[in-house]
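As a plain string of letters, each chain reads:
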Amino acid sequence: MKYYFPALLLLLFSCSPIADKGNSDSITRTYGPIGSSAMVSTAHPLASKVGKEILLKGGNAFDAAIAIQFTLAVVYPVAGNIGGGGFAVYRSTDGQVGSLDFREKAPASAHKDMYLNTQGEVIPGMSTEGHLAAGVPGSVDGMFKLHERFGSLPMEDLIQPAIELAYEGVQLYDRDVENINKYQELFKKYDHGHNQLIKETPWQEGDVLVHKNLAGTLSFIRDLGRDGFYKGIVANQIVAEMNRGSGLITKEDLANYSAIWREPLVGQYKGYKVISMPPPSSGGVALLQLLQGAEQFDFSKTGHNSAETIHLMTELERRVYADRATYLADPDFFDVPVDMLLSKGYNTDRFSSIKKDQSTPSSEIKEGKVDIIESIETTHFSVVDANGNAVSITTTLNGYFGCKVMVKGAGFFLNNEMDDFSAKPGVPNQFGLIGNEANAVAPEKRMLSSMTPTILEKDGQLAMVVGTPGGSTIITCVFQTILNVIDHGMTMQEAVNAPKLHHQWLPDRVLYEEGTLDEALLGELKALGHEMEPRSALGKMDCILVLPDGKLEGASDPRNYGTAAGF
Ligand code: DON
């Protein structure tokens, strides 16, 4: 992963000295864009523009979210999608909360050992690249389900901006160019002459990328609804693509796909109500466990990113991620002990082995040996409308451009979400995450996720909308961003900008953002027994905070090129 690092470091450092609550009167605060009634924050300026326009037209937060999802599929093909899936958490103006699971699922003919060779070993790359890596896409059905229940503008109006952008083409940023050029060989490997991202000479910043076939697909969806994707021409194109590459998705898989409304998980943190995604995401359970642990320590006293705070957060994280590996999976296939994992007694006991002056090696918590690979991309967006409806959506193809297979004639990439299953117990996936039987592949099962779209409420009022991409680091980035606001008194933009860290039980090391911790602090953490490993960047948050005067502060992460836009 590469980011705009000089800009990032500048922002990170300009932010860190003002994290001191005690001095907040005498220093300049960093705020993101402020809106007096509505706000969107997304990973791409054009998606933010479309979302804001829908809100200005009188659409609600759900309408704007749907329009953003379709727009991202065009302007942000690395992760925005109609060939992937995701999760939505919402809080409506009357305080009702809910969540929609539009996660991909395994095709009906998928099976437990499908990624193993005859010796029972995982075949490298099989769950991450090519046709067999794709799960049945959920995004389109998800958007129709959201619209059915909450939409106020006609669906056509919400898809049309994406169609127009696809026909007209989208100017590429240097970051897009870098990603698209990097994957040319893999695109070609799976192409049959129709991938609009393939170009014989390298793409340059400012080039316009036109998505004619995708415009056609989106038009089918606009005119025929859900069936425009899951049945008829587009479904036939997906199945033909599967046949070309020995993939498993059939017409029946597509016709049978259904997004599921689920009860969101609701917890408390220091007087805030925290609403997050239930299984098949591990995000909500893990976040609420971490927040319960954080309440046992009080990070507002130990200070932002002090050695003590980093040490304690790390100790909480390693325990929570060990639980994730054992207990979390698709609740329709495995009895996930959510109540137990979120009970006060369990967590008090679980965190009681934490020592203030020494790290606990992960091997003492559970065995395992893993590594991690990069090049992963997801996207998150947050929306609040003038009536106070809030929507938090994280959506993904999993890897950059998913499994790299573009559906011939249909103009969109398929996901490689099957890698989020545990291909074999104890063998890590591309995020280095370990899984067990609970998350084994099974027909029509949803793969475990870390996506953590979350909404916070205080005194019965909307308080914050948060989320980020980042695979296994999503949960810890959301956790820290919430602490940054609640415990460390940061603005939304400061909380997003602030350097992040991550521990996931295995591998047993703390990831930190290169250049953001000084040598003395690194030395203290090493002395406590932590192995410290630099990463280019952690998280790409897109969040919204309700300010004390009721205005909305949007914050898009400087680690990416998104924007927040409000009015
Ligand atoms: O659902 C999950 O947890 C992953 N498929 C998300 C992938 C991701 O966030 C990649 N992003 N950088």
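The structure presented is a predicted model; accordingly, all values stated were derived computationally and were not measured.

Each value, and the rule that gives it
Residues numbered from 1 in each chain as written. Predicted model: local features only at pLDDT ≥ 70, side-chain atom pairs only at ≥ 80, totals over all residues. Heavy atoms only, no water. Helix = DSSP H or I, 4+ residues; strand = E, 2+ residues; numbered from the N terminus. Buried < 20%, exposed > 50% of the residue type's maximum accessible area, 1.4 Å probe, protein only. Contact = heavy atoms within 4.5 Å. Areas by Shrake-Rupley, 256 points an atom, 1.4 Å probe, with all protein chains shown as cover. Lys, Arg positive; Asp, Glu negative; His and termini not counted. Charge placed at Lys NZ, Arg CZ, Asp CG, Glu CD. Disulfide = S-S within 2.5 Å. Core = buried A, V, L, I, M, F, W, Y, C linked by side-chain atoms within 4.5 Å. Pairing = 2+ DSSP bridges. Axes fitted to C-alpha atoms, helices over the stretch in contact; angles between N-to-C directions. Parallel < 35°, antiparallel > 145°, perpendicular 65-115°, else oblique. Left-handed = near helix turned anticlockwise from the far one by under 90°. Nonpolar A, V, L, I, M, F, W, Y, C, P; charged D, E, K, R; others polar. Near = heavy atom within 4 Å. Polar contact = N/O pair within 3.5 Å; in protein donor to acceptor, adjacent residues only side chain to side chain. Expected span 1.5 Å × (residues − 1). Arc of directions from axis to C-beta.

Q: Even after reading the chapter, I still don't get the overall build of the chain, so can you show me in this structure?
A: Regarding its fold elements, the chain presents 20 helices and 19 strands. Taken over the C-alpha atoms alone, the chain extends approximately 60 × 60 × 45 Å along its principal axes. Burial analysis of the chain (567 residues in total) assigns 63% to the buried set. For the chain, restricting intrachain contacts to residue pairs at least 6 apart in sequence, the fraction spanning at least 24 positions comes to 73%. By element, 51% of the accessible surface of the chain is carried by carbon and sulfur atoms, the whole surface being about 19100 Å². In the chain, which carries 49 positive and 69 negative side-chain charges, the distance between the mean positions of the two groups comes to 2 Å.

Q: Where do I start with the state of the cysteines in this structure?
A: Put plainly, two cysteines are in a disulfide when a covalent bond ties their sulfur atoms together. Applying the stated criterion across every chain yields a total of zero disulfides. Unpaired in this structure, C477 has its nearest cysteine sulfur neighbour in C543, at a distance of 10 Å. Its relative accessible area of 0% is what places C477 among the buried residues.

Q: It is not clear to me how the nonpolar core should be interpreted in this structure. Could you clarify?
A: Side chains of nonpolar character tend, in soluble globular proteins, to be buried together. Judged by nonpolar contacts, the single largest core of 85 residues is most densely connected at F70, I82, L218 and F412. Sort the elements by how many residues they give to this core and helix α3 (residues 61-75) lands first, with twelve residues. When neighbours within four sequence positions are excluded, L218 is seen to be in contact with F70, V74, I82, I159, A162 and I163. Residues L265, F299, M451 and L506 belong to the second largest nonpolar core, which totals 73 residues.

Q: Looking at this structure, I do not really get the sheet that holds strand β13 (residues 461-466). What am I missing?
A: What links the strands of a sheet is backbone hydrogen bonding, and the strands pair in either a parallel or an antiparallel sense. If you trace the seven strands from one edge of the open sheet to the other, you get β1-β18-β17-β13-β12-β9-β8, paired in antiparallel fashion. Edge strands, defined here as strands with exactly one partner in the open sheet, are β1 (34-35) and β8 (265-269). By the bridge criterion, two bridges tie β13 to strand β17 (residues 542-546) in an arrangement that is antiparallel. Bridged to M464 within β17 is L545. Along the sheet face, helix α12 (residues 283-297) touches β8, β9 (272-276) and β12 (454-458) and points at about 15 degrees away from the line of β8. Relative to the sheet, helix α18 (residues 474-486) contacts β8, β9, β12, β13 and β17, its axis offset from that of β13 by approximately 135 degrees.

Q: I'm lost on the packing of helix α2 (residues 45-56) against α3 in this one. Help?
A: When two helices pack together, their arrangement is captured by the angle between the axes and the distance separating the axes. α3 packs onto α2 with a crossing angle of 155 degrees between their chain directions and a minimal axis gap of 8 Å. The angle between the axes of α2 and α3 places the two elements in the roughly antiparallel class. For the element pair α2 and α3, the recorded crossing hand is right-handed. For the pair α2 and α3, the contacting residues are L46, A47, V50, G51, I54 and L55 in the first and A61, D63, A64, A67, I68, T71, L72 and V75 in the second. By residue class, the composition of the contact of α2 with α3 is eleven nonpolar, two polar and one charged.

Q: Looking at this structure, I do not really get the site of the ligand. What am I missing?
A: Contacts to the ligand come from 16 residues, most closely from T378, E417, D420, S449 and G471. Taking E417, its side chain carries an N or O atom lying 2.6 Å from a nitrogen atom of the ligand. In isolation the ligand exposes 340 Å². Once the protein is present, 98% of that is buried. Where the shell around the ligand is concerned, the elements lending two or more residues are β10 (376-384) and β11 (390-399). For the shell around the ligand, the leading source of residues is β10, giving three residues. Class assignment of the residues belonging to the shell around the ligand gives a composition of five nonpolar, seven polar and four charged.

Q: Explain α2 here, please?
A: Since one α-helical turn is 3.6 residues long, residues separated by three or four positions face the same way. Relative to the 16 Å expected for twelve residues at 1.5 Å per residue, α2 spans 16 Å between its end C-alpha atoms, a close match to the ideal helical length. All of the buried residues along α2 are A47, S48, V50, G51, I54 and L55. When α2 is viewed along its axis, its buried side chains cluster within an angular range of 165 degrees and face the same direction. Phi for G58, located one or two positions after α2, is positive at around 100 degrees.

Q: What is the right way to read the packing of α12 against α18 from this model?
A: Running from amino to carboxyl end, α12 crosses α18 at an angle of 40 degrees, the nearest separation of the two axes being 10 Å. Overall, the two elements α12 and α18 adopt an arrangement that is oblique. Here α12 and α18 pass one another in a crossing that is right-handed. The residues of α18 that touch α12, namely those facing G283, A286, L287, L290, L291 and A294, are I475, V478, F479, I482 and L483.

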